[in-house]
Amino acid sequence: LRIPGTDTSFPTLGHQRLLTTAALGEETLASASSSSDSDTGGASPPPRKKHRASAAEGAGEPGASTGTAGLSPVLLGLATSPLPSAAAAILSRNIVNNASGSIMQANGAGQGQDSELSCLNSAQNGESSSSSSSAAVGAHSNGLISSTNNGNSVSTNNGALAGAASGTSSASSASASSSEVGYTMKKKKRLSQSEEDVIRLIGQHLHGLGLNQTVDLLMQESGCRLEHPAATKFRNHVMDGEWDKAENDLNELKALMLSPNAIVRMKFLLLQQKYLEYLEDGKVLDALQVLRGELTPLKYNTDRIHVLSGYLMCSHAEDLRAKAEWEGKGTTSRCKLLDKLQTYLPPTVMLPPRRLQTLLRQAVELQRDRCLYHNTKLDSSLDSVSLLLDHVCSRKQFPCSTQQILTEHCNEVWFCKFSNDGTKLATGSKDTTVIIWQVDPDTHQLKLLKTLEGHAYGVSYLAWSPDDTYLIACGPDDCSELWLWNVQTGELRTKMSQSHEDSLTSVAWNPDGKRFVTGGQRGQFYQCDLDGNLLDSWEGVRVQCLWCLSDGRTVLASDTHQRIRGYNFEDLTDRNIVQEDHPIMSFTVSKNGRLALLNVATQGVHLWDLQDRVLVRKYQGVTQGFYTIHSCFGGHNEDFIASGNHKVYIWHKRSELPIAELSGHTRTVNCVSWNPVLPGLMASASDDGTVRVWGPAPFLDTQGLEAFNENCSNMDS
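Just so we're clear, the structure is a prediction, and the values are computed from it rather than from any experiment.

Attention now moves to the overall build of the chain. If you tally the helices and strands in the chain, you get 20 helices and 32 strands. By residue count, 45% of the 717 residues in the chain fall in the buried class. Sequence separation of 24 or more characterises 49% of the internal contacts of the chain that already satisfy a separation of 6 or more. Per element, the accessible surface of the chain, about 35900 Å² overall, is 50% carbon and sulfur.

Turning to the pairing of strand β6 (residues 424-429), a few remarks are in order. Most of β6 sits out of view: five of its six residues are buried. Examined bridge by bridge, strand β5 (residues 413-418) and β6 share five bridges and lie antiparallel to one another. The residue bridging Val413 from the neighbouring strand is Ser429, located in β6. Two elements, β6 and strand β7 (residues 434-439), share five bridges in a ladder whose sense is antiparallel. Within the sheet, the bridge partner assigned to Lys424 lies in β7 and is Gln438. Connecting β6 to the next strand, β7, in antiparallel fashion are four residues, including Thr432 with a positive phi near 75°.

Residue position: Trp608 is located in strand β23 (residues 604-609). Classification of Trp608 as buried rests on a relative accessible area of 9%. Along the primary structure Trp608 and Ala596 are separated by twelve residues, whereas in three dimensions their C-alpha atoms are 5.2 Å apart. Excluding residues within four positions of it along the chain, Trp608 makes contact with Val578, Gln579, Glu580, Arg594, Leu595, Ala596, Leu598, Arg613, Val614, Leu615 and Val616.

With that out of the way, let us pick up helix α12 (residues 229-239). Burial in α12 covers these residues: Ala230, Ala231, Phe234, His237 and Val238. Axial view of α12: buried residues confined to an arc of 130°, hence all on one face. Looking at the buried residues of α12, the elements they touch are α13 (243-253), α14 (262-280) and α18 (331-342). Gly241 occupies a position one or two residues after α12 and carries a positive phi of about 70°.

Quick look at the confidence of the model for the chain now. When pLDDT is averaged along the chain, the result is 77, and 71% of the positions lie at 70 or above. Counting contacts from residues 95-179, a segment whose pLDDT is below 50, to residues more than four positions away or on other chains yields 110 contacts. In the predicted structure, residues 700-717 sits below a pLDDT of 50 and forms 34 contacts with residues beyond four places in sequence or in another chain.

Time to look at the nonpolar core. By size, the foremost hydrophobic cluster in this structure holds 45 residues, and its most contacted members are Leu425 and Phe516. One finds Val238, Leu269, Leu270 and Leu341 within the second-largest nonpolar core, a separate group that totals 20 residues.

This paragraph deals with the UniProt feature "repeat: WD" (unreviewed entry) in the chain. In the numbering used here, UniProt assigns the "repeat: WD" (unreviewed entry) feature to residues 406-440, 452-483 and 662-694. Spanning residues 406-440, this segment combines 0% helix with 54% strand, and its end C-alpha atoms are found 15 Å apart. Here residues 662-694 runs as 0% helix and 48% strand, with 9 Å between its end C-alpha atoms.

Considering all chains together, one arrives at 13 aromatic pairs under this definition. Ring plane angle 75° and centroid distance 5.3 Å describe the contact between Phe268 and Tyr300, whose orientation is recorded as edge-to-face. With Phe268 in helix α14 and Tyr300 in the loop between α15 (284-295) and α16 (302-310), this pair connects stretches of sequence that are 32 residues apart. For Phe268, a relative accessible area of 3% corresponds to the buried category. Take Tyr300: its relative accessible area is 27%, and that puts it in the partly exposed class. An aromatic cluster of three or more residues is present, and its members are Phe525, Trp538, Tyr567 and Phe569.

With 16 residues, helix α10 (residues 193-208) ought to run about 22 Å at 1.5 Å a step, and its terminal C-alpha atoms sit 23 Å apart, in line with that. Residues Ile199, Arg200, Leu201, Gly203, Gln204 and Leu206 constitute the buried set of α10. Buried positions along α10 lie against α11 (212-222) and α19 (355-370). Positive backbone phi, approximately 90°, marks Gly210, located one or two places after α10.

Attention now moves to the packing of α13 against α14. Relative orientation and spacing of two packed helices are given, respectively, by the angle between their axes and the distance between those axes. As a packed pair, α13 and α14 sit with axes 10 Å apart at the nearest point and diverge in direction by 180°. Classified by the interaxial angle, the pair formed by α13 and α14 is roughly antiparallel. Across the interface between the two elements, Trp243, Asp244, Ala246, Glu247 and Leu250 of α13 pack against Ile263, Met266, Lys267, Leu270, Leu271, Gln273, Lys274 and Glu277 of α14. Of the residues in the contact of α13 with α14, the class split is seven nonpolar, one polar and five charged.

Let us now look at the pattern of salt bridges. Summed over all chains, the structure comprises 22 salt bridges. Where Lys267 meets Glu247, a salt bridge forms, and the shortest distance between an N and an O atom there is 3.8 Å. Pair noted here: Lys267 is in helix α14 and Glu247 is in helix α13, with a separation of 20 residues, a long-range link. For Lys267, a relative accessible area of 30% corresponds to the partly exposed category. The exposure class of Glu247 is buried, given its relative accessible area of 14%. One salt bridge connects Lys647 with Glu661, and the closest N-O pair in it is separated by 3.4 Å. Linking Lys647 in the loop between β26 (640-644) and β27 (648-652) with Glu661 in strand β28 (residues 660-662), this pair joins segments that are 14 residues apart in sequence. Taking relative accessible area as the criterion, Lys647 reaches 28% and is therefore assigned partly exposed. Here the salt bridges do not stand alone but share partners, grouping Asp244, Lys274 and Glu294 into one network.

About the criteria used
Residues numbered from 1 in each chain as written. Predicted model: local features only at pLDDT ≥ 70, side-chain atom pairs only at ≥ 80, totals over all residues. Heavy atoms only, no water. Helix = DSSP H or I, 4+ residues; strand = E, 2+ residues; numbered from the N terminus. Buried < 20%, exposed > 50% of the residue type's maximum accessible area, 1.4 Å probe, protein only. Contact = heavy atoms within 4.5 Å. Areas by Shrake-Rupley, 256 points an atom, 1.4 Å probe, with all protein chains shown as cover. Pairing = 2+ DSSP bridges. Arc of directions from axis to C-beta. pLDDT = per-residue confidence, 0-100. Core = buried A, V, L, I, M, F, W, Y, C linked by side-chain atoms within 4.5 Å. UniProt positions renumbered as here; feature names shortened; annotations may be inferred. Phe/Tyr/Trp six-rings, centres within 6.5 Å; stacked < 30°, edge-to-face > 60°. Expected span 1.5 Å × (residues − 1). Axes fitted to C-alpha atoms, helices over the stretch in contact; angles between N-to-C directions. Parallel < 35°, antiparallel > 145°, perpendicular 65-115°, else oblique. Nonpolar A, V, L, I, M, F, W, Y, C, P; charged D, E, K, R; others polar. Salt bridge = Lys/Arg side-chain N within 4 Å of Asp/Glu carboxyl O.

In structure tokens:
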């Protein structure tokens, strides 16, 4: 029987035979195609596996049951219904086409061994059939996934033909499904540049984990390329130590490089590794040949060549590795070499090493930087964090809770300051005493260590020496004396007074710990040694606050002209650094000497960049009158700022609004000091005669947490 409009012929076996052939799938259909070739004069090979077709013809035989399992009731019903021969032929043609297309989809299109069916299926889907080697690439369509397992094509049907299998789909629905599959394959999404970049990053990471087959499948299915083939070849030659081949690869990479001079630098790095490996292997003559005949003619980095030549004198391999600061021949040094070589190649040719890890680490660091309450130093490795959640710090981990109230002073407490090593706290009071407190490193509790007495006018300012051996105490405006105490022994080393008309209200240590500067509002400040001997003086400056910079030469002084000037005692020069519109009552400088924190009368707290000489930020939420309040930098990496007034206020350095307001003091807070070593510990001194020690909140129940929230009002920006 020849079907009109096609080149396909079937033996005249009746409707029952025709339907059985359609039900058997690709093998019987291939036999039918062979018969067509015979009718048209072509060579006709014997039908393949015809014994299965014969078995299928018998009613109730296993072959018949298997062959008809995927056919719809419509198809099975037609097998027993008599039709006119012409109508039966046309209907049979439609049934065969639809059934064969559905069966081909269920069994996995593109099997190389059945070329006739491959062509038929390709024509139906609008794509050319691939050879048997393409079976490694999985075809995804409507939940139908074809994957590779141990080199063999494995097909799984996740329900694309469930209707046909259950006997509820019609022949027309099978045809529509086949058309939809073909349309989906035609409309394959084109990847954007960012999507290709992500795939390459994932591929590089998987390759680093040793999942090479997964990487190959990912690149093959996505159509992306992990790196340029020339770069892959170059990488392999470097890792294998095939230096001559690696040099030849550079010629191929030259056209892809960002800079035309990069070829010389890359070649120099290659030859340097080659030279060192020869030396380690004891091949001194070969190493000398590389040095003279290959490295020197490059005429690049001659200083480094001189250094390399000195390695010829190394007596053994360990000496060579130590002097060259080199890991030795092997994977480690060659990986580091590749990292250096990659910097000369664009990322489209070779990805930067461990690029995905780098991006993830940057994302984690950015989240930490943006976290208003992050106050701990964490491991920079990705193993210490979860990439599945955003970084969040709780306010309860911040020093917002009163840990201790120190009540040993019997009058207003004007100043407090932690030692540089964070182990002690010094407090000065109107009661004429200085108390040294010891910080317990485990519990962070403070206990009284020493009491230093005899400051007749009270103590309004304290300064620890750089090594925390000495402590200098100054009095209020009408005090002309200064006390220098040995903290370890509790003895007074120096009591200094240049004149009864002086006002020594501020002091700052030189970084060498052997000198200090002191002054006040009577019009002068001095530089002295530990015995109080006058070394230098600067007249005509009414000093409000002093600070020595790390260069050991420059002294910053705020004066009554609403400015901070820098004074150099070596060349006797001065320059203006900060100019405000209102009096600067006090200031402090960050550890790196870049930022200054000013308390400005009637204005509040201002942050200045001393290097660029610009106002960076004005912090809101607090103002002060014409009295002195001392603020501080603090927390991890000095990311926070604390000051006082009626409460203790805390800001993140980048946020103008306070992130916490700490209640507890009943009168003005004169000074706040943040422990430089323990970022969760802070102290505040107040006119109420107490010193409060602040720390993270302890474990609280619901009622306690509500009370804590009242005590520490959060003001997120």
